[in-house]
Amino acid sequence: MISIRADDQQINFDNRSFVLNEKDLGYIEASHTNFKGVNQIGVYHTYSVLDTREINLTGYIVEDVETNKRQLLRLVTPLRPFELLVDDKKIVCYANTTPQFSYTYPEFNKHIVKFMIEAYCPQPCFTNRNKTVANLALWNGNFSFPLELSASGIAMGTKTVSTIADIENNGDIETGMIVEFTAKSSLKNPSILNVNTREFIKINKTMTANETITINTNYGEKSVISSVSGNILNLLDAESTFLQLSRGINTIKYDAESNLNGLVVTMYYYEKFLGV
């Protein structure tokens, strides 16, 4: 099913109030950069980038026409983005115009009105509706009922032993991520390393107990924020890279220069798809 969502409101094209007649989810054009040497046959290709996506939807409002027309105008406006939901995927869109309505009979009367939505997507890839969460290092609780106490005490939790995890990106292209370092107790200089590429992210900071450092590696959103100190981009190690997850398996290792056992590492990311 296809839906539109904005401001915690949603319109479903479910053939009840709204009927979707035509949908054009567009495609992605690419821009290629190359250069040509003297007397060279052909060109040398340097890189390619993906451009935006155009979306066009045409349908009918077939119930409570005036109320639903007003709702569509509120959700689809050029002044703010809306999400287009397609089955289990989504994409962020910006309307090129307000929704266009037919005002000629028979496509406009008290029982039915035809509409058309034209929008573009600055980020042209669809993503999963919900982000993927990967716990590289976490504590598992052991506390449960009935509780049996012994003279030697009880372990309230156990930490995962391995410092290496395989993170799978099932999307069509690489994707950025959000990495959270959380200190259960004081520790120094947390880091993660992509074992495959040898690229890493390292924060040159002594973390205090219960402090969380959030690193965003997504293009246009790159940041390093501490729950204690605020913006600490200046503490990012000079040789660090804002890691991207390649397609397939990415082997990630986490570390700290002191008290590794006190570090919890969580990664959040959206897989990206070229179409649905």
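Residues numbered from 1 in each chain as written. Predicted model: local features only at pLDDT ≥ 70, side-chain atom pairs only at ≥ 80, totals over all residues. Heavy atoms only, no water.

Asker: Can you walk me through helix α1 (residues 65-75) in this structure?
Answerer: Along an α-helix, residues three or four positions apart point the same way, because every turn accommodates 3.6 residues. Of all the residues in α1, the buried ones are Val-65, Asn-68, Lys-69, Gln-71, Leu-72 and Leu-75. Around the axis of α1, the buried residues are gathered within 160° of arc, so they sit on the same side. (Buried < 20%, exposed > 50% of the residue type's maximum accessible area, 1.4 Å probe, protein only. Helix = DSSP H or I, 4+ residues; strand = E, 2+ residues; numbered from the N terminus. Arc of directions from axis to C-beta.)

Asker: It is not clear to me how the pairing of strand β24 (residues 248-255) should be interpreted in this structure. Could you clarify?
Answerer: Side-chain positions along a regular strand alternate between the two faces of the sheet. Two elements, strand β15 (residues 164-169) and β24, share six bridges in a ladder whose sense is antiparallel. When the bridges of β24 are listed, Ile-167 appears paired with Asn-250. (Pairing = 2+ DSSP bridges.)

Asker: When you look at the packing of aromatic side chains in this model, what are you seeing that I'm missing?
Answerer: Aromatic ring pairs are reported here in terms of the distance separating the ring centres and the angle at which the planes meet. Counted by the stated rule, this structure contains six aromatic pairs. Ring plane angle 45° and centroid distance 5.3 Å describe the contact between Phe-35 and Tyr-44, whose orientation is recorded as tilted. Taking the relative accessible area as the measure of exposure, Tyr-44 reaches 48% and is therefore partly exposed. With a centroid separation of 5.1 Å and an interplanar angle of 55°, the aromatic rings of Tyr-103 and Phe-108 are classed as tilted. Relative accessible area serves as the criterion here: at 27%, Phe-108 is assigned to the partly exposed category. The rings of Phe-13, Phe-18 and Phe-115 are connected pair by pair, giving a single aromatic cluster. The lysine or arginine in question, Lys-89, covers the ring of Phe-273, its NZ or CZ lying 4.7 Å from the ring centre. (Phe/Tyr/Trp six-rings, centres within 6.5 Å; stacked < 30°, edge-to-face > 60°. Lys NZ or Arg CZ within 6 Å of the ring centre and 35° of its normal.)

Asker: I keep staring at the sheet that holds β24 and nothing clicks. Help me out?
Answerer: Strand pairs in the sheet, formed through backbone hydrogen bonds, run parallel or antiparallel to each other. Strand order in this open sheet of four strands is β15-β24-β18-β19, and the pairing throughout is antiparallel. Each having just a single partner strand, β15 and β19 (200-202) make up the two edges of the open sheet. Pairwise comparison of adjacent strand axes, ignoring direction, gives a mean angle of 25° for this sheet. (Axes fitted to C-alpha atoms, helices over the stretch in contact; angles between N-to-C directions.)

Asker: Help me out: how do you make sense of a nonpolar patch on the surface in this one?
Answerer: Taken together, the side chains of Val-92, Tyr-94 and Tyr-120 make up a nonpolar region of the molecular surface, amounting to roughly 230 Å² of accessible area. Within the secondary structure, Tyr-120 sits in strand β10 (residues 113-121). Look at Tyr-120 and you get partly exposed, because its relative accessible area is 30%. (Patch = residues over 30% accessible without salt bridge, like charges linked within 9 Å, V, L, I, M, F, W, Y side chains within 5 Å. Areas by Shrake-Rupley, 256 points an atom, 1.4 Å probe, with all protein chains shown as cover. Salt bridge = Lys/Arg side-chain N within 4 Å of Asp/Glu carboxyl O.)

Asker: Can you walk me through unusual backbone geometry in this structure?
Answerer: Glycine aside, negative phi is the norm for most residues, and most peptide bonds take the trans geometry. For the peptide bond that leads from Tyr-105 to Pro-106, omega is 10°, which places it in the cis range. Mapped onto the secondary structure, Pro-106 falls in the loop between β9 (100-101) and β10. In this structure, Asp-64 takes a positive phi of about 45° despite not being glycine. Along the chain, Asp-64 turns up in the loop between β6 (53-61) and α1. When its relative accessible area of 47% is taken as the criterion, Asp-64 is described as partly exposed. Despite not being glycine, Asn-210 has its phi angle at roughly 75°, a positive value.

Asker: How should the pattern of salt bridges be read in this particular structure?
Answerer: Where charged atoms from two side chains of opposite charge approach closely, those side chains can pair. Counting across every chain of the model gives eight salt bridges. Linking Lys-202 and Glu-257 is a salt bridge whose minimum nitrogen-to-oxygen distance equals 2.7 Å. Of this pair, Lys-202 sits in strand β19 while Glu-257 sits in the loop between β24 and β25 (263-269), and the two are 55 residues apart along the sequence. Through salt bridges with shared partners, a single network forms among Arg-5, Glu-83 and Lys-90.

Asker: So what exactly am I meant to see when it comes to the sheet that holds β25 here?
Answerer: Strand order in the open sheet formed by six strands is β12-β25-β16-β21-β22-β23, with antiparallel pairing between adjacent strands. Edge positions in the sheet fall to β12 (132-137) and β23 (230-231), since each has one partner strand and no second. In this sheet, strand β22 (residues 223-226) lies alongside strand β21 (residues 212-216) in antiparallel orientation, the contact comprising four bridges. If you follow Ile-213 over to β22, its bridge partner there is Ser-226.

Asker: What exactly am I supposed to notice about the side chain of Thr-212 here?
Answerer: Along the chain, Thr-212 falls in strand β21. A distance of 3.2 Å separates polar atoms of two side chains, one belonging to Thr-212 and the other to Thr-182. (Polar contact = N/O pair within 3.5 Å; in protein donor to acceptor, adjacent residues only side chain to side chain.)

Asker: Looking at this structure, how should I read the pairing of strand β1 (residues 2-6)?
Answerer: Summarising burial for β1: four of the five residues are buried, a large majority. Both β1 and strand β7 (residues 82-86) contribute to a ladder of four bridges, which runs antiparallel. Note on β7: the bridge partner recorded for Ser-3 is Leu-85. Judged from the four bridges that link them, β1 and strand β2 (residues 9-12) form a sheet pairing that is antiparallel. Looking at β2, one finds that Ile-4 is bridged to Ile-11. Between β1 and the antiparallel strand that follows it, β2, lie two residues; Asp-7 among them carries a positive phi value of about 55°.

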